[in-house]
Every structure is written in structure tokens, then in C-alpha cells.
Amino acid sequence: MNTATSKILGLGRAAIHDYAVGVVLLAVCAYLAIRSPQFSTASNVSNVLDQVSMIGIITMGMAILLVSANFDLSIGGMACLSSVVIAKVANAEGVAAGVVVGVGVAVLLGALNGLIVTVLRVNSLVATLGTGLAYSGMALLLSNNTAITIESTSLSDFMSTRALGVSLPAYLFAAVIAVSAWYLHVTVAGQQTFAVGGNAEAARYAGVRVSLIRFIPFVLTGLFVGIASVILTGLLGGGVPTAAAAWPLQVVAGAVVGGISIAGGRGTIAMGVLGVLLIGVMNNGLNLLNFDAAYQNITTGTILVVAVAIDAALQASWRGRPAVVSDQPQGRPVVDTAPPHVLGAQRQS
């Protein structure tokens, strides 16, 4: 098989991998539109966007982390602590100060996670599992294990704002998508993220500052958690120390179901968006069809396992693909980031 044919086959398999979730999403939407006329109404579409906005915003950070071959399981505790801080500071110093301090706390917590992983060399799964428990405990202590109601309703009123029938959280989700796509797919740091996730040692030999490239996604995730916490606090009218406890599973599920590899080095922001929308649409459909809420967890868990199994099969497929001839000048190491459709991914022949 010649090189041109190999590239065409590789791109074909990549397209199937990238857009399969989109096809499934369209099929699910068509089925639900037939089964429930309410599903396709403007109000329900807006409702779905509202439901997925917070999880979707954080999933964009998780997508970048997964591409860099890292996890962050502290997002639930981080969001709870940020929400409590927003409420307490808002009551003491005003809503604007509460938002700024709450988001700042989330960014600092994300940076702390990044330092633990990059400086102390602790596995990100273990590190963020531990910090997540710590952040959750701090949220409970700071709130005395009770919800903190914000005296002013300005944040709640702001989050209830709608333009063209779409809520503010949905617009914030769109803005975060744009920023994440720009970072991961346009900037040099984003291209280096693929390289580090695919083969950190090769990236280091190529002159990539691996620790910095691994650190930045943790900070971005903290920022996105802070934004989601502002939305959560506004919608709830205060800080609830346990409100985001289930977010880590939902965020990881959205990213992985979309097709982002848990092994690192492969994925796109669009995959994360499609994964979040698929889970959100299915949960919404189950509600409209009057299924018990337990089925939502069953469905999400099943889809997650299937997605990981498919990812494992694709990993084996990529390992067995023909080599792609590199156009990179001789004398510099070639960074191997697996599938050829990934921006900047090349493989040494």
C-alpha cells in the first residue's frame, strides 16, 4: 500500500472516529422528536442548553487536560468551594467582589493541582482525587455544612437574562468553546499539548517545555470551573457546599463519550461539545418520556463504558497503521502523537 493510500485511509478512519458521535446525536434527536413533540420546541431546546452549559464549560477544560494525558477529578470540590466563597464574599463585599474572588479562588486551586502534578510529579488521577476531597471538606467547613443565601438577587437576575430566547449561561458556554478551540487548535501551546499527550519524552527532546504545557490546562480548567460556579451560584441564589458533587463523572463522561482519548494526544474541542450535548439530550429525552431518574445514571454509565471500549479498540488500530512519512527536517526528533488527523501530529517513518 503506497503512502498516499495510507494517508487517505487514515483520514477516513479519523473522520469516522470524529463524527460518529455527531451522527448518533442526530439520530437520538430525530427519535425523540418523533416520540415526544415537546422535545423539538424552542423552550425545550433552550432548556437543554441551560442544562448542559455548566458541565459543558468545565468539559472544555477537561478536554484540553485529556489531550495532555492528564485528569482533574477535583472539579466537583473546586466548584463547591468556589460557590461558597462567591456567596460569602457577595454578602460581605458585594456581588461583583464575590464573583471576582470566587473565580480567582478556582483559578488558584487549578494552579495548585497543576503544581502538584508537574512539580511534585504526582499522578494527576491520584492528586486531583485527593485535592477534590480536600476542597469539598473546605467548602463544608466554610459554610458550616449549610447553604449560604446571597442577600442580593442581582446575580440570579443576571443569570436569568435571555437574549433571542437563549439564556446567558448558554452564551457563556459558547464563549468558552471559542476560547478553548482557539487555544487547543490555533496556538503553538495547543499544538504542543498534543505532542506532550502523545509522547512527552519525544516532545521534551524536541524542545517543548513539558511541565509548562501540562500546567496550563489545569489553570484553564480552574478558570472554567470558576465560571461554571458563578452560573451555579446565580441559579441557586447562593452557595451550596454539595451542589457540584456529581460533576466530575458528568464532565469526564462528556469528554470521553465525545471521543477524546483518555490515553492523551488525540481529541478536539468539537468532540467534547458533541459528547456533552449527547448526554444532555439523552437525559432530557428520558425526562420527557417519563423514565425514572435512575435511568439517567445507568445510561450515562453505559455510554461511558462503551466509549472507553471503542477508544481502546481505536488505539490498537492506530498502533497498527502504516507509518506516515514525515516532512520534518532531519536532525530534530519527531513527536509521535498518534492519529494523523491531529494538528501537528507526525510519525517518524
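Residues numbered from 1 in each chain as written. Predicted model: local features only at pLDDT ≥ 70, side-chain atom pairs only at ≥ 80, totals over all residues. Heavy atoms only, no water.

## As for the overall build of the chain
Turning to step 1, where the next piece is worked out: Helix and strand counts for the chain stand at 13 helices and four strands.
Turning to step 2, where the next piece is worked out: Across the 349 residues of the chain, 50% fall into the buried class.
Turning to step 3, where the next piece is worked out: Partitioning the contacts of the chain with sequence separation of at least 6, the portion at a separation of at least 24 is 76%.
Turning to step 4, where the next piece is worked out: As presented, the chain carries roughly 15500 Å² of accessible surface, and 67% of it is formed by carbon and sulfur atoms. (Helix = DSSP H or I, 4+ residues; strand = E, 2+ residues; numbered from the N terminus. Buried < 20%, exposed > 50% of the residue type's maximum accessible area, 1.4 Å probe, protein only. Contact = heavy atoms within 4.5 Å. Areas by Shrake-Rupley, 256 points an atom, 1.4 Å probe, with all protein chains shown as cover.)

## A look at the environment of Ile 75
Turning to step 1, where the next piece is worked out: Locating Ile 75 in the fold gives a position in helix H3 (residues 75-93).
Turning to step 2, where the next piece is worked out: By relative accessible area, Ile 75 is classed as buried at 0%.
Turning to step 3, where the next piece is worked out: Placed 61 residues apart in sequence, Ile 75 and Ser 136 show a C-alpha to C-alpha distance of 9.7 Å.

## Considerations on H3
Turning to step 1, where the next piece is worked out: When the terminal C-alpha atoms of H3 are compared, their 26 Å separation across 19 residues agrees well with the 27 Å that a helix rising 1.5 Å per residue should span.
Turning to step 2, where the next piece is worked out: With 15 of its 19 residues buried, H3 lies for the most part within the structure.
Turning to step 3, where the next piece is worked out: Among the residues trailing H3, Gly 94 stands out with phi positive, at a value near 115°. (Expected span 1.5 Å × (residues − 1).)

## Comments concerning the packing of helix H4 (residues 95-118) against helix H10 (residues 210-236)
Turning to step 1, where the next piece is worked out: The interhelical angle for the contact between H4 and H10, taken along N-to-C directions, is 150°, at an axis separation of 7 Å. Taken together, the axes of H4 and H10 lie roughly antiparallel to each other. For the element pair H4 and H10, the recorded crossing hand is right-handed. Between H4, through Val 99, Val 103, Ala 106, Val 107, Gly 110, Ala 111, Asn 113, Gly 114, Leu 115, Val 117 and Thr 118, and H10, the contact on the second element is made entirely by Ser 211, Arg 214, Phe 215, Phe 218, Val 219, Gly 222, Leu 223, Val 225, Gly 226, Ile 227 and Val 230. (Axes fitted to C-alpha atoms, helices over the stretch in contact; angles between N-to-C directions. Parallel < 35°, antiparallel > 145°, perpendicular 65-115°, else oblique. Left-handed = near helix turned anticlockwise from the far one by under 90°.)

## What to know about helix H11 (residues 247-257)
Turning to step 1, where the next piece is worked out: Of all the eleven residues making up H11, nine are buried; the element is thus mostly covered by neighbouring parts of the structure.
Turning to step 2, where the next piece is worked out: Within H11 the residues assigned to the buried category are Trp 247, Pro 248, Val 251, Val 252, Ala 253, Gly 254, Ala 255, Val 256 and Val 257.
Turning to step 3, where the next piece is worked out: Taken from the residues just after H11, Gly 259 is the one with a positive phi, measuring 115°.

## Let's talk about the pattern of salt bridges
Turning to step 1, where the next piece is worked out: For the structure on display, the rule yields two salt bridges.
Turning to step 2, where the next piece is worked out: For Asp 50, the salt bridge is made with Arg 162, and the minimal N-O distance between the two is 3.6 Å. Pair noted here: Asp 50 is in helix H2 (residues 42-67) and Arg 162 is in strand E2 (residues 162-163), with a separation of 112 residues, a long-range link.
Turning to step 3, where the next piece is worked out: Using a relative accessible area of 44% as the deciding quantity, one classes Arg 162 as partly exposed. (Salt bridge = Lys/Arg side-chain N within 4 Å of Asp/Glu carboxyl O.)

## As for the packing of H2 against H10
Turning to step 1, where the next piece is worked out: Where H2 meets H10, the closest approach of the two axes is 8 Å, and the angle between their N-to-C directions is 175°. On the basis of their axis angle, the class for H2 and H10 is roughly antiparallel. In contact with Met 54, Ile 57, Ile 58, Met 60, Gly 61, Met 62, Ile 64 and Leu 65 of H2, H10 contributes Pro 217, Phe 218, Leu 220, Thr 221, Phe 224, Val 225, Ile 227, Ala 228, Ile 231, Leu 232 and Leu 235.
Turning to step 2, where the next piece is worked out: The residue inventory of the contact of H2 with H10, partitioned by class, reads 17 nonpolar, two polar and no charged. (Nonpolar A, V, L, I, M, F, W, Y, C, P; charged D, E, K, R; others polar.)

## Considering the confidence of the model for the chain
Turning to step 1, where the next piece is worked out: Averaged over all residues, the pLDDT of the chain equals 84, while 83% of them reach at least 70.
Turning to step 2, where the next piece is worked out: Within the chain, no element has a lower average pLDDT than helix H13 (residues 294-319), which sits at 70, and none a higher one than H4, at 97. (pLDDT = per-residue confidence, 0-100.)

## Observations regarding a nonpolar patch on the surface
Turning to step 1, where the next piece is worked out: Taken together, Leu 115, Val 119 and Leu 120 make up a surface patch of nonpolar side chains, about 300 Å² in accessible area.
Turning to step 2, where the next piece is worked out: Relative to the assigned elements, Leu 120 resides in the loop between H4 and helix H5 (124-143). (Patch = residues over 30% accessible without salt bridge, like charges linked within 9 Å, V, L, I, M, F, W, Y side chains within 5 Å.)

## Let's talk about the environment of Gly 94
Turning to step 1, where the next piece is worked out: Looking at the secondary structure, you find Gly 94 in the loop between H3 and H4.
Turning to step 2, where the next piece is worked out: Overall, the relative accessible area of 23% leaves Gly 94 in the partly exposed class.
Turning to step 3, where the next piece is worked out: Linking Gly 94 and Ile 150, residues 56 residues apart in sequence, is a C-alpha distance of 9.5 Å.

## A short note on the side chain of Asn 113
Turning to step 1, where the next piece is worked out: Within the secondary structure, Asn 113 is located in helix H4.
Turning to step 2, where the next piece is worked out: Residue classification places Asn 113 among the buried residues on the basis of a relative accessible area of 1%.
Turning to step 3, where the next piece is worked out: A distance of 2.8 Å separates polar atoms of two side chains, one belonging to Asn 113 and the other to Ser 74.
Turning to step 4, where the next piece is worked out: One polar contact links Asn 113 to Thr 131, side chain to side chain, over a distance of 3.0 Å.
Turning to step 5, where the next piece is worked out: The residues touching Asn 113, leaving out its near neighbours within four places in the chain, are Asp 72, Ser 74, Met 78, Thr 128, Thr 131, Tyr 135 and Phe 218. (Polar contact = N/O pair within 3.5 Å; in protein donor to acceptor, adjacent residues only side chain to side chain.)

## What about unusual backbone geometry?
Turning to step 1, where the next piece is worked out: Positioned with a positive phi, Ala 69 is a non-glycine residue whose angle comes to about 70°.
Turning to step 2, where the next piece is worked out: Positionally, Ala 69 belongs in the loop between H2 and H3.
Turning to step 3, where the next piece is worked out: Phi at Asn 144 takes a positive value of approximately 55°, unusual for a residue other than glycine.
Turning to step 4, where the next piece is worked out: Using a relative accessible area of 62% as the deciding quantity, one classes Asn 144 as exposed.

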